[in-house]
Amino acid sequence: MQSGFITVETGRGSYVCRLRGRLKQARQTGDITGLGDQVEISPQLDGSAMIEKVLPRSRALVRMAPMPKGEFRQVLMANPDQILLIFACANPPPHLRMLDRFLVICEKQGVPALVVANKVDLVGQTAAQAVFEHYRPLGYPVIYTSAKDGAGIAELGAALAGKLSAFSGPSGVGKSSLLNALQPGLGLAVKDVSGLTSKGQHTTVSRQLYPLEGGGYVADMPGIRALKLWDTEPEELDGYFPELRSLVEYCQYNDCTHRFEKGCAVRQAVRDGQVHLERYRSYLHLRYTDVEEVEIGP
Ligand code: GDP
Ligand code: ZN
């Protein structure tokens, strides 16, 4: 259960808060507050404040943590407007299967996703587009950036303005460099606040939101890699691939595995070039390796 201090930003500065006891009384099946929650507070005489109420979340990035009494919903970020999935065009080479898995998690959690292809200076725009551009027609905007020469940084800034965004992606792709390019001096301006502290079986969470000059906040969320696709039945996976979602009803058999059946609309769409071969491969990999045989881990 939650204890400790939570920093709350208000229009009149930030407050160090504690949770009102009654908020902690009900049996908890998830975090009471998390990074990004909207709360009502009452200032105290000593300058601190009490959290009186946590407003309903529009959506949340959650991690299901196994607990003795059942699963516990750890809130990695409440009310995210979007997740930016950062990959490098090279060095490290883009790991599209990981990107596809992240996108499935975003679909499952109902959080809009954007793809950021960084280090475009290493390969050039044309080569970068050959790798990433097929995500755009699926509904995932793609932004090409270089933290090194500044390409695409303005576009990235515009996508973040006024929103609460999570940054995720493998290490070494340039997440910190992009944040610094967006806002020079950001690292210095950031206060070291811990969003919340959770004691007990699940791990201590200490995160921060970086406020942006143009409005909005960004949080680095490397932990999305550890999110699992809990409760995902293999048959429901096609629902998390936008290009497959409306196709499967045209398969000849309604229990089609989309692997070898005649009359499979998915395989036909791959042959026709309507579905990208790599996306189809990711789908098969997730469905027949990760979801069926092992849990989807980092
Ligand atoms: P993070 O682990 O995702 O936060 O990645 P970093 O921001 O620490 O960057 C990892 C390495 O990539 C560093 O050596 C950066 O200088 C380099 N890097 C970051 N962005 C770019 C870029 O756009 N172009 C090039 N060529 N190198 C970059
Ligand atoms: Zn099929």
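Residues numbered from 1 in each chain as written. Chains lettered and ligands numbered in written order. Predicted model: local features only at pLDDT ≥ 70, side-chain atom pairs only at ≥ 80, totals over all residues. Heavy atoms only, no water.

1. A closer look at the overall build of the chain
Each helix and strand counted, the chain has nine helices and 14 strands in total. A buried classification covers 48% of the 298 residues belonging to the chain. Of all intrachain contacts in the chain linking residues separated by at least 6 positions in sequence, the fraction that spans at least 24 positions is 64%. Counting every atom, the chain has about 14,700 Å² of accessible surface; 50% of that belongs to carbon and sulfur. (Helix = DSSP H or I, 4+ residues; strand = E, 2+ residues; numbered from the N terminus. Buried < 20%, exposed > 50% of the residue type's maximum accessible area, 1.4 Å probe, protein only. Contact = heavy atoms within 4.5 Å. Areas by Shrake-Rupley, 256 points an atom, 1.4 Å probe, with all protein chains shown as cover.)

2. Section: the coordination of the zinc ion (ligand 2)
In this structure, Cys 251 (SG), Cys 256 (SG), His 258 (ND1) and Cys 264 (SG) serve as the protein donors to the zinc ion (ligand 2), at separations of 2.1 to 2.4 Å. In this structure, the zinc ion (ligand 2) is coordinated by four donor atoms arranged in tetrahedral fashion, with angles at the metal of 103 to 116°. Positions of the donor residues of the zinc ion (ligand 2), expressed as sequence spacing, correspond to C-x4-C-x1-H-x5-C. (Donors = N, O, S within 2.8 Å, 3.2 Å for Na, K, Ca; no water. Tetrahedral: all angles 85-135°; square planar, octahedral: opposite > 155°, others 65-115°.)

3. So, the environment of Thr 257
Inspection of the secondary structure assignment puts Thr 257 in the loop between α7 (242–245) and α8 (265–271). Note on Thr 257: relative accessible area 16%, which makes it buried. When the C-alpha positions of Thr 257 and Tyr 288 are compared, they lie 9.6 Å apart, and in sequence the two are 31 residues distant. Setting aside anything within four residues of it in sequence, one finds Thr 257 in contact with Arg 287 and Tyr 288.

4. A word on the site of ligand 1
In the vicinity of ligand 1, 15 residues are found, and the nearest of them are Asp 121, Ala 147, Gly 172, Ser 176 and Ser 177. With respect to ligand 1, the side chain of Ser 176 contributes an N or O atom lying 2.6 Å from an oxygen atom. With the chains in place, 67% of the 580 Å² that ligand 1 exposes on its own is no longer accessible. Sort the elements by how many residues they give to the shell around ligand 1 and helix α5 (residues 175–182) lands first, with three residues. Broken down by class, the residue content of the shell around ligand 1 amounts to four nonpolar, seven polar and four charged. (Near = heavy atom within 4 Å. Polar contact = N/O pair within 3.5 Å; in protein donor to acceptor, adjacent residues only side chain to side chain. Nonpolar A, V, L, I, M, F, W, Y, C, P; charged D, E, K, R; others polar.)

5. Notes on the pattern of salt bridges
The tally for this structure, following the rule as stated, stands at ten salt bridges. Among the ionic pairs, Glu 278 bridges to Arg 97, the shortest N-O distance being 3.9 Å. Taken as a pair, Glu 278 in helix α9 (residues 277–293) and Arg 97 in helix α1 (residues 96–109) lie far apart in primary sequence, 181 residues in all. Relative accessible area serves as the criterion here: at 32%, Arg 97 is assigned to the partly exposed category. The residue Glu 243 makes a salt bridge to Arg 279 at a minimum N-O spacing of 2.7 Å. Here Glu 243, found in helix α7, pairs with Arg 279, found in helix α9; they are 36 residues apart in sequence, far enough to count as distant. Taken individually, Glu 243 and Arg 279 each receive the classification buried, so the pair is uniform in this respect. Through salt bridges with shared partners, one network takes in Arg 20, Arg 22 and Glu 52. (Salt bridge = Lys/Arg side-chain N within 4 Å of Asp/Glu carboxyl O.)

6. Thoughts on the confidence of the model for the chain
If pLDDT is low for a region, its predicted coordinates should not be looked at in detail. Mean pLDDT over the chain: 83, with 84% of residues reaching 70 or higher. Considering only residues more than four positions removed or in separate chains, one finds that residues 188–206, a stretch of pLDDT under 50, has 47 contacts. (pLDDT = per-residue confidence, 0-100.)

7. A closer look at the packing of aromatic side chains
Throughout the structure, instances matching the rule amount to two aromatic pairs. Both rings, one in Phe 241 and one in Tyr 283, keep their centres 5.4 Å apart while their planes meet at 90°; by these two values the pair is edge-to-face. In this pair, Phe 241 is assigned in the loop between β14 (217–220) and α7 and Tyr 283 in helix α9, connecting sequence segments 42 residues apart. Residue classification places Phe 241 among the buried residues on the basis of a relative accessible area of 0%. The lysine or arginine in question, Arg 259, covers the ring of Tyr 288, its NZ or CZ lying 3.8 Å from the ring centre. (Phe/Tyr/Trp six-rings, centres within 6.5 Å; stacked < 30°, edge-to-face > 60°. Lys NZ or Arg CZ within 6 Å of the ring centre and 35° of its normal.)

8. Regarding the nonpolar core
In terms of nonpolar packing, the biggest core is built from 30 residues, with Met 77, Leu 85, Leu 99, Phe 132, Tyr 135 and Met 221 touching the most fellow members. If you tally residues by element for this core, the top one is α1, at six residues. In this view, Leu 99 contacts Leu 85, Phe 87, Val 115, Phe 132 and Tyr 135; residues no more than four positions away in its chain are not counted. (Core = buried A, V, L, I, M, F, W, Y, C linked by side-chain atoms within 4.5 Å.)

9. What about the sheet that holds strand β4 (residues 39–43)?
Strand pairs in the sheet, formed through backbone hydrogen bonds, run parallel or antiparallel to each other. The sheet built from four strands is open, its strands ordered β2-β3-β5-β4 with mixed pairing. Among the strands making up the open sheet, the edge pair consists of β2 (6–10) and β4. The mean inter-strand angle of the sheet, taken between neighbouring strand axes irrespective of direction, is 45°. When strand β3 (residues 13–19) meets strand β5 (residues 49–54), the two strands line up parallel, connected through three bridges. Counterpart to Arg 18 in the pairing with β5 is Met 50. (Pairing = 2+ DSSP bridges. Axes fitted to C-alpha atoms, helices over the stretch in contact; angles between N-to-C directions.)

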